[in-house]
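Chain and residue survey
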Amino acid sequence: QVDLVESGGGVVQPRGNLRLTCAASGLTFNTYNMAWFRQTSEKEREFVGHISWSGAINYAGSVQGRFLLSRDTAMNTVYLEMNNLKPKDTGVYYCAARSSVKRTPYYNPADYDYWGQGTQVTVSA
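Since this is a predicted model, take the numbers as computed values, not measurements.

So, the nonpolar core
For soluble globular proteins, nonpolar side chains are generally found buried alongside one another. Residues Met34, Trp36, Leu80, Met82 and Tyr93 are the most contacted members of the largest nonpolar core, which totals 32 residues. Of all elements in the fold, only strand E3 (18-25), strand E4 (32-39), strand E5 (46-51), strand E7 (67-72), strand E8 (77-82), strand E9 (91-99) and strand E11 (119-123) reach the threshold of two or more residues within this core. Take this core: its biggest share by element is five residues, from E4. For Met34, the residues in contact, after removing those within four places along its chain, are Leu4, Cys22, Phe29, Gly49, His50, Ile51, Arg71, Val78, Cys95, Ala96 and Ala97.

Thoughts on the state of the cysteines
Linking two cysteines covalently via their sulfur atoms produces the bond known as a disulfide. Tallied over the full model, the rule gives one disulfide. Each sulfur in the disulfide pair Cys22 and Cys95 lies 2.0 Å from the other. Judged by the torsion about the S-S bond (-75°), the Cys22/Cys95 disulfide is left-handed. Of this pair, Cys22 sits in strand E3 while Cys95 sits in strand E9, and the two are 73 residues apart along the sequence. Note on Cys22: relative accessible area 0%, which makes it buried.

Quick notes on the environment of Val2
Mapped onto the elements of the fold, Val2 is located in the segment before strand E1 (3-7). Distance from Val2 to Thr77, taken between C-alpha atoms, is 13 Å for residues 75 residues apart in sequence. Those residues in contact with Val2 that lie beyond four places of it in its chain are Ser25, Gly26, Leu27 and Tyr114.

Describing the packing of aromatic side chains
Counted by the stated rule, this structure contains eight aromatic pairs. Summarising the aromatic geometry, the rings of Phe37 and Tyr112 are spaced 5.2 Å apart at their centres and angled 80° between planes, so their arrangement reads as edge-to-face. With Phe37 in strand E4 and Tyr112 in the loop between E9 and strand E10 (114-115), this pair connects stretches of sequence that are 75 residues apart. In this structure Phe37 comes out as buried when scored by relative accessible area, which is 0%. Its relative accessible area of 6% is what places Tyr112 among the buried residues. Put simply, the rings of Phe37, Phe47, Tyr94, Tyr106, Tyr107, Tyr112 and Trp115 pair up and form one aromatic cluster.

Quick word on the environment of Ala56
When you line up the elements, Ala56 lands in the loop between E5 and strand E6 (57-59). Sequence-wise, Ala56 and Asn33 are 23 residues apart; in three dimensions their C-alpha atoms are separated by 9.4 Å. Discounting residues that sit within four places of it in the chain, Ala56 has contacts with His50 and Ile51.

Calculation criteria
- Residues numbered from 1 in each chain as written.
- Predicted model: local features only at pLDDT ≥ 70, side-chain atom pairs only at ≥ 80, totals over all residues.
- Heavy atoms only, no water.
- Core = buried A, V, L, I, M, F, W, Y, C linked by side-chain atoms within 4.5 Å.
- Buried < 20%, exposed > 50% of the residue type's maximum accessible area, 1.4 Å probe, protein only.
- Helix = DSSP H or I, 4+ residues; strand = E, 2+ residues; numbered from the N terminus.
- Contact = heavy atoms within 4.5 Å.
- Disulfide = S-S within 2.5 Å.
- Phe/Tyr/Trp six-rings, centres within 6.5 Å; stacked < 30°, edge-to-face > 60°.

Structure follows, in structure tokens:
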């Protein structure tokens, strides 16, 4: 059974920081590409960032320069460091995994094999 467990969400003021963690189990971690998406009640699930099995990273334009992705293969964990948070960053953040053999666009949520339960991030004064 594959599990992706997110943690680290919370309430933060604008310009604040948070670090989200995604702990993966039940899969061969170094053969999966990992990503973060976010969703609000008004929007469809939105791509945030992607990190490949080899460490190549892509970000959505809206978070480029503010968010940092990393992965720890020894710990089967992915991190999303979020800096200079803005109210528009508010949402439920989901960790996702897809097999590294897939060659379809990494920003398409429909192409991911496994999802976590999500963690709420609220940016508000």
